[in-house]
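Results of the structural survey
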Amino acid sequence: MSDTSSLSNLGAIDAAHHLHPFSDMKKLNAAGTRIIQRAEGVHIFDSNGKKYLDAFAGLWCVNIGYGRKEMADAVSRQMNELPYYNSFFGTTTPPTTLLAQKIASHAGGKLNRVFFTNSGSEASDTWLRMARVYWKALGKPEKTHVIARKNAYHGSTVAGASLGGMKWMHEQGNLPIDGISHIKQPYWYAEGGDLSPAEFGLKVARELEEKIDELGEDRVAAFVAEPIQGAGGVIIPPETYWPEIARICRERNILLVSDEVICGFGRLGSWFGYQHFGVEPDLAPIAKGLSSGYLPIGGVLVSDRVADVMLDEVGDFNHGFTYSGHPVCAAAALENIRIIEDEGLVERVRDDIGPYFAKGWKSLEDHEVVGEAQSVGLMGGLQLAADKSTRRRYAKPDDIGTMVRNHCLDNGLVMRATGDRMLASPAFTISRSEVDEVVEKLRKALDHLRDTVRE
Ligand code: PXG
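Residues numbered from 1 in each chain as written. Predicted model: local features only at pLDDT ≥ 70, side-chain atom pairs only at ≥ 80, totals over all residues. Heavy atoms only, no water.

1. Digging into the pairing of strand S7 (residues 220-225)
- With six of six residues buried, S7 lies mostly within the body of the structure.
- Across three bridges, the pairing between strand S5 (residues 145-149) and S7 is parallel. Within S7, the position partnered with valine 146 by the bridge is alanine 222.
- One ladder, built from four bridges, connects S7 with strand S8 (residues 255-258); its direction is parallel. What sits directly across from alanine 222, in S8, is leucine 255.
- Crossover handedness for the path S7 to helix H11 (residues 241-252) to S8: right-handed. (Buried < 20%, exposed > 50% of the residue type's maximum accessible area, 1.4 Å probe, protein only. Helix = DSSP H or I, 4+ residues; strand = E, 2+ residues; numbered from the N terminus. Pairing = 2+ DSSP bridges. Right-handed = clockwise from strand over helix to strand, strands pointing away.)

2. A word on the pattern of salt bridges
- Under the counting rule described, the total for this entry stands at 24 salt bridges.
- Close ionic contact of lysine 102 with glutamate 341 constitutes a salt bridge, the shortest N to O distance being 2.9 Å. In this pair, lysine 102 sits in helix H5 (residues 94-107) while glutamate 341 sits in helix H14 (residues 327-342), placing the two residues 239 residues apart along the sequence.
- On the basis of relative accessible area, glutamate 341 is assigned to the partly exposed category, the value being 30%. (Salt bridge = Lys/Arg side-chain N within 4 Å of Asp/Glu carboxyl O.)

3. Concerning the site of the ligand
- Close to the ligand lie 15 residues; Trp60, Gly120, Ser121, Asp259 and Arg416 are nearest.
- A distance of 2.5 Å separates an oxygen atom of the ligand from a polar side-chain atom of serine 121.
- Burial of the ligand by the protein chains amounts to 85% of its free accessible area of 540 Å².
- When residues of the shell around the ligand are traced back to their parent elements, those giving at least two are helix H3 (57-60) and helix H6 (120-137).
- Residue composition of the shell around the ligand, grouped by class: six nonpolar, five polar and four charged.
- Counting contributing residues, the shell around the ligand receives three or more from each of domain 1 (34-64 + 346-454) and domain 2 (71-342). (Near = heavy atom within 4 Å. Polar contact = N/O pair within 3.5 Å; in protein donor to acceptor, adjacent residues only side chain to side chain. Areas by Shrake-Rupley, 256 points an atom, 1.4 Å probe, with all protein chains shown as cover. Nonpolar A, V, L, I, M, F, W, Y, C, P; charged D, E, K, R; others polar. Domains from an automatic or database assignment.)

4. Section: the sheet that holds strand S3 (residues 51-54)
- One open sheet accounts for four strands, arranged S1-S2-S3-S13; its pairing is mixed. Only two strands of the sheet have a single partner each, and these edge strands are strand S1 (36-40) and strand S13 (413-414).
- Bridge count for strand S2 (residues 43-46) against S3 is three bridges, and the pairing is antiparallel. Bridge assignment links isoleucine 44 to a residue of S3, and that residue is tyrosine 52.

5. A word on unusual backbone geometry
- Going from leucine 175 to proline 176, the amide bond is cis rather than trans, its omega being 0 degrees.
- With respect to the element layout, proline 176 can be found in the loop between helix H8 (167-170) and strand S6 (180-183).
- A positive phi angle, close to 70 degrees, is found at asparagine 151, a residue other than glycine.
- The backbone of asparagine 253 shows a phi angle near 60 degrees, a positive value even though the residue is not glycine.
- Inspection of the secondary structure puts asparagine 253 in the loop between H11 and S8.

6. A word on helix H17 (residues 432-452)
- Helix length check: H17 (21 residues) gives 30 Å between terminal C-alpha atoms against 30 Å at 1.5 Å per residue, within 8%.
- Those residues of H17 that fall on the buried side of the exposure criterion are Glu434, Val435, Val438, Val439, Leu442, Ala445, Leu446 and Leu449. What you see down the axis of H17 is that its buried residues fit within an arc of 140 degrees, all on one side. What points out from H17, more than 90 degrees from its buried face, is the exposed set Ser433, Glu440 and Lys444. (Expected span 1.5 Å × (residues − 1). Arc of directions from axis to C-beta.)

7. Here we look at the side chain of arginine 267
- You can see arginine 267 is positioned in the loop between S8 and helix H12 (273-276).
- We note that arginine 267 is buried and unpaired, the nearest opposite charge coming from aspartate 54 at a distance of 9.0 Å.
- Within the structure, the side chain of arginine 267 is placed 2.6 Å from the backbone oxygen of leucine 378, a separation counted as a polar contact.
- In this structure, arginine 267 is in contact with Ala57, Asn63, Ile262, Val349, Val376, Gly377, Leu378, Met379, Ser425, Pro426 and Phe428, ignoring residues within four places of it in sequence. (Lys, Arg positive; Asp, Glu negative; His and termini not counted. Contact = heavy atoms within 4.5 Å.)

Structure follows, in structure tokens:
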């Protein structure tokens, strides 16, 4: 579809036939949809030929950048050799098995096995069932409850959206399903009050302990959290948070589940987010960066603790998808990981471009409308504030964030806004001058906010 004339009525066709995810279709159809036609490196181009620097890597996923010919070649080779075969009835395919081994080689510790899915949402459904099956096999059929966090995102299937802590998602479709509770998120800026970040981190972690006491330890199967909450606004927990969570899970004998869908495969400058925070989960859903979004694939990393019980006690796990471990998607993921390894991209994020990004991002904290600007690796969250001296927030956070985001878009920069937080997660291949451009364009949008909104 490189002939732009053939795209001239795509907008009308889209309005007539295409229902977009997470969208108000009436409003979108009235405004008109943006058609993204091609991409290269960190840039995307729309059907009018307008170029944008994509500081969001698609949707937190195109970590090796766009336009990698090696990826197209690897996929094409696999399609020609074996486009599909399942792994249900005692079979597998070479890329599927080799990918499981490759992922385990980076997972470290006792995370030695992978169950494949097509997405992060399916990974949520998968680990939830697996955790319950695990406890039942150990003679604890009552240990089914999961504790998750408010404002978390774990997907959009019935289980994924229930595990997630987004109220506005629960309101549609009678969610959450039974057996899921949500505790506070470690969002110090908005909810920390007079506590120091370190004190607040401990306090919210200990809500887990309180919730376990309330429910009864023998009823709680697992706790799930993103190492850094992504869609919820890049909520970076205080340093005290994760070690305390790990202690509680260990002492109370509940499974720790680290949702690695965004943080996995290098975004924080470590192969997995739990490694950055120095904890080891029992289960870890993955997706996105596993294939850098070139093809859909996800999965669940399974520790020996759980796998041993599944193998020795459970027998059949009655769960799986037609495309679990799809060979072409697995070939894409293998090639993606080869690129990350060969180009040292995890190390680049940790030692080079991550620190460079952090410096530029942090420099925005001097701006009048910025409360704080934090990042880990190439994941940045910037808090907008009406009054930074008191941490007072704007009255209409969604409008404010959208205004900044739209200003960026008009100037050729793709960012994401969650309420009054601006989020960045660029490709690991972004250059220093491209990082400078992100910071400069975002600063201009912040100026625009300062000059237009007076509260
Ligand atoms: N867990 C996490 C932490 C995620 O970020 C999922 C699970 C679900 O993955 P799938 O592949 O089923 O989408 C996600 C997905 C946003 C946005 O606007 C974020 C996601 C998906 C869609 C939009 O930030 N994350």
